[in-house]
Amino acid sequence: MANKDPIRVGILYPETGVISTIGCSQIQGSLLAIDEINQAGGIDGREIVPVRYDSRSTPAVYATLAERLIVEDKVNVIFGCYMSSSRKAVLPIVEKWNKLLFYSTLYEGFEFSNNIIYTGAAPNQNSVQLVEFMTSNFGASVYMIGSNYIYPYESNRIVSDLTLKLPNSRKVAERYVKLDASEKDFQKIMTDVRNKQPDFIFSTVVGDATANLYRAYADAGFDPATMPIASLTTSETEISQMGSDVAKGHFTSAPYFQSVNSDANARCLERYRRQSNAICVPNMCWESTYFQMHIYANAFRRAGSDEIGRILPHILGSEFDAPQGRVRIDPTNHHTSLYPRIGVANAEGQFTIVREATRPVQPDPYMVTHSFGDWTQSPSSVGW
Ligand code: ACM
C-alpha cells in the first residue's frame, strides 16, 4: 500500500527579536508554497507538515533548535536562517547529522557545504551589479555602514575590492553598529557623513535597525538624488517599517522585487494576498523561500524520499519558474542561477526597477570569474 504518512520539514526562522519582521516574511513564503503543494495533493498524496520553531534571532538558539528538529522531530530537511551568523551556527549541525538546510537569504559568499542549498543571491549576483550602477551614476567614493557581524564585514570587503579597482575611488569610512542600533546611534554617523561627503552610502545594516539608519539620514537633511543609500538587504519589508517618504530615492540590488513584471509573480502575489493570514510584506527572501520549497517538493517526488543521499541528485540541476524568472540550482556549487536587478524605492513603498538582467546569472560564490558588465542589462526606461 502506498505510503500516505505526512512529511515533516523544519521551519527555523526568527519570529522574535531584531530580525523577526523579515523572518515572518520567510515563514510566510515557505507556508504559501506548502499550502499550494498540499492543495494540489501533496507529494504523491503525502501532506507536508511544517515543524516550526522560533530562533529568537540568536545564533546559539538556532544551533540548539536545528539539532532538536533533526534528533527529536526527525526531519531530514530544514528551511531556515536569515543572518549569516545563524547559517554559520546551523552548518556544523546539518553536517554532523548529514541533513539538508535550504538557505534563502542573500549573503557574502565564500562558503560551500554539501549539506546546504543556497537560493539567495551570491555577491556576483547583487554586489557586482550594485557597485557598477552606483559608481557609474554617482561616483566611486563610498561610506560603509553595517551591522556588527560577519555578513557586513565580508560584504564590505567585496564591495571595497570592486570599488577600489575604479579610477578616483575612495572608501571614506567603514563603520559598524550593534544589531539593535537606534536612530541616535546613526545620528552621530550622519555628522561624520556630512564631513566626509561620499558619493553614496553602502548600507549592510540589517533588520529593524535599517529603518533607524534611513530615518537618521532623512533627518540630517541629505538628498538621495545626490548621495543615496545603496543596499543589498533593504527590501519592501524594511520600507514598510521606515515609511515610503523616508525610503524614496534609495537603491537596492536584488533578484526579486514585488514590481517584477511576470505572470508567475502576479499569480504568486495574488495567491498570497488572498490568504487570511497574509500579514507580512513580500520581499526577496519571501520569494526565495517560496521557490525553494517547490524545488524541494519536486525533487522529493522524483527521489521518493528527502533523505540527503536520495534527494540531493534531484535538487542539483533542477529548475523552477519562480516569480523572478526561471531559476536553476547549480550542481557544482549548490547556489542558484538568479536575475540581478537594481531598484529605486518609490513613493508607493515599492521599487521601480531601473536595471534588470535579461538572462539568469550563474552563481559564483567565490567570485572567481566575476566582472563588471557580465550581466546583459535591459535598457533603462526610467531615466537611469
Ligand atoms: C545576511 O546576513 N546574509 C544578510
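These figures come from a predicted structure and were not determined experimentally.

A. Region of interest: the overall build of the chain. Broken down by element type, the chain carries twelve helices and 15 strands. For 384 residues, the compact-globule formula gives about 21 Å, and the C-alpha radius of gyration of the chain, at 20 Å, lands near that figure. By the burial criterion, 61% of the 384 residues in the chain qualify as buried. Look at the contacts in the chain between residues 6 or more apart in sequence, and 69% of them connect residues 24 or more apart. Of the roughly 14300 Å² that the chain leaves accessible, carbon and sulfur atoms contribute 49%. Distance from the positive charge centre (35 side chains) to the negative charge centre (40 side chains) of the chain: 2 Å.

B. Expanded view of the pairing of strand E10 (residues 251-254). Residues Phe 251 and Ser 253 of E10 are buried on one face, and the alternating residues Thr 252 and Ala 254, pointing to the opposite face, are buried as well. For strand E9 (residues 229-231) and E10, the ladder comprises two bridges, and the chain directions are parallel. Bridge pairing links Ser 231 to Thr 252 in E10. Direction of pairing for E10 relative to strand E14 (residues 341-345): antiparallel, over a ladder of four bridges. Among the inter-strand pairings, Thr 252 is bridged to a residue of E14, identified as Gly 343.

C. A look at the packing of helix H1 (residues 20-39) against helix H11 (residues 284-303). Between H1 and H11, the least distance of the axes is 7 Å, while the angle of their chain directions is 35°. Our pair here, H1 against H11, has a crossing hand that is right-handed. Residues Ser 25, Gln 26, Gln 28, Gly 29, Ser 30, Leu 32, Ala 33, Ile 34, Glu 36 and Ile 37 of H1 form the contact with H11, whose participating residues are Cys 285, Trp 286, Thr 289, Tyr 290, Met 293, His 294, Ala 297 and Arg 301. Each residue belonging to the contact of H1 with H11 can be placed in one class, and the counts come to nine nonpolar, seven polar and two charged.

D. Seen up close, the environment of Gly 221. Looking at the element boundaries, Gly 221 is found in the loop between helix H7 (209-219) and E9. Separated by 27 residues in sequence, Gly 221 and Arg 194 place their C-alpha atoms 10.0 Å apart.

E. Broad picture of the sheet that holds strand E13 (residues 336-337). Pairing within the open sheet is antiparallel, and its three strands lie in the order E11-E12-E13. Edge positions in the sheet fall to strand E11 (319-322) and E13, since each of these pairs with one other strand and no more. Sheet topology places E11 next to strand E12 (residues 325-329); four bridges connect them, and they run antiparallel. Within the sheet, the bridge partner assigned to Phe 320 lies in E12 and is Val 327.

F. Quick peek at helix H10 (residues 263-274). Between its first and last C-alpha, H10 extends 17 Å over twelve residues, near the 16 Å set by a 1.5 Å rise per residue. Considered for burial, the residues of H10 that qualify are Ala 264, Asn 265, Cys 268, Leu 269 and Tyr 272. Along the long axis of H10, the arc covered by the buried residues comes to 125°, so they all point the same way. Turned more than 90 degrees away from the buried face of H10, the exposed residues are Asp 263, Arg 273 and Arg 274.

G. Looking closely at the environment of Asn 277. Following the sequence through the fold, Asn 277 ends up in the loop between H10 and H11. Residue Asn 277 is classed as partly exposed on the basis of its relative accessible area of 42%. In the structure, Asn 277 is positioned 95 residues away from Phe 372 in sequence and 42 Å away in space, judged by C-alpha atoms.

H. Layout of the side chain of Ser 231. For Ser 231, the position within the fold is in strand E9. Given the relative accessible area of 0%, Ser 231 is considered buried. Within the structure, the side chain of Ser 231 is placed 2.9 Å from the backbone nitrogen of Thr 234, a separation counted as a polar contact.

I. Spotlight on unusual backbone geometry. Non-glycine residue Asn 168 carries a positive phi angle of around 60°. Mapped onto the secondary structure, Asn 168 falls in the loop between helix H5 (150-163) and strand E7 (170-177). At Met 367, a residue that is not glycine, the phi angle is positive and equals roughly 55°. Note that Met 367 resides in the segment after strand E15 (351-356). With relative accessibility at 10%, the residue Met 367 sits in the buried group.

J. A look at the side chain of Asn 265. Of note, Asn 265 is situated in helix H10. On the accessibility criterion, Asn 265 (1% relative accessible area) is buried. Side chain to side chain, Asn 265 and Tyr 256 meet in a polar contact 2.6 Å long. Ignoring anything within four residues of it in the chain, the contact list for Asn 265 reads Tyr 256, Phe 257, Gln 258, Ser 259, Val 260 and Pro 323.

The rules behind these values
Residues numbered from 1 in each chain as written. Predicted model: local features only at pLDDT ≥ 70, side-chain atom pairs only at ≥ 80, totals over all residues. Heavy atoms only, no water. Helix = DSSP H or I, 4+ residues; strand = E, 2+ residues; numbered from the N terminus. Rg over C-alpha atoms; globule rule 2.2 N^0.38 Å. Buried < 20%, exposed > 50% of the residue type's maximum accessible area, 1.4 Å probe, protein only. Contact = heavy atoms within 4.5 Å. Areas by Shrake-Rupley, 256 points an atom, 1.4 Å probe, with all protein chains shown as cover. Lys, Arg positive; Asp, Glu negative; His and termini not counted. Charge placed at Lys NZ, Arg CZ, Asp CG, Glu CD. Pairing = 2+ DSSP bridges. Axes fitted to C-alpha atoms, helices over the stretch in contact; angles between N-to-C directions. Left-handed = near helix turned anticlockwise from the far one by under 90°. Nonpolar A, V, L, I, M, F, W, Y, C, P; charged D, E, K, R; others polar. Expected span 1.5 Å × (residues − 1). Arc of directions from axis to C-beta. Polar contact = N/O pair within 3.5 Å; in protein donor to acceptor, adjacent residues only side chain to side chain.

Keep in mind these numbers describe shape, not what the thing actually does.
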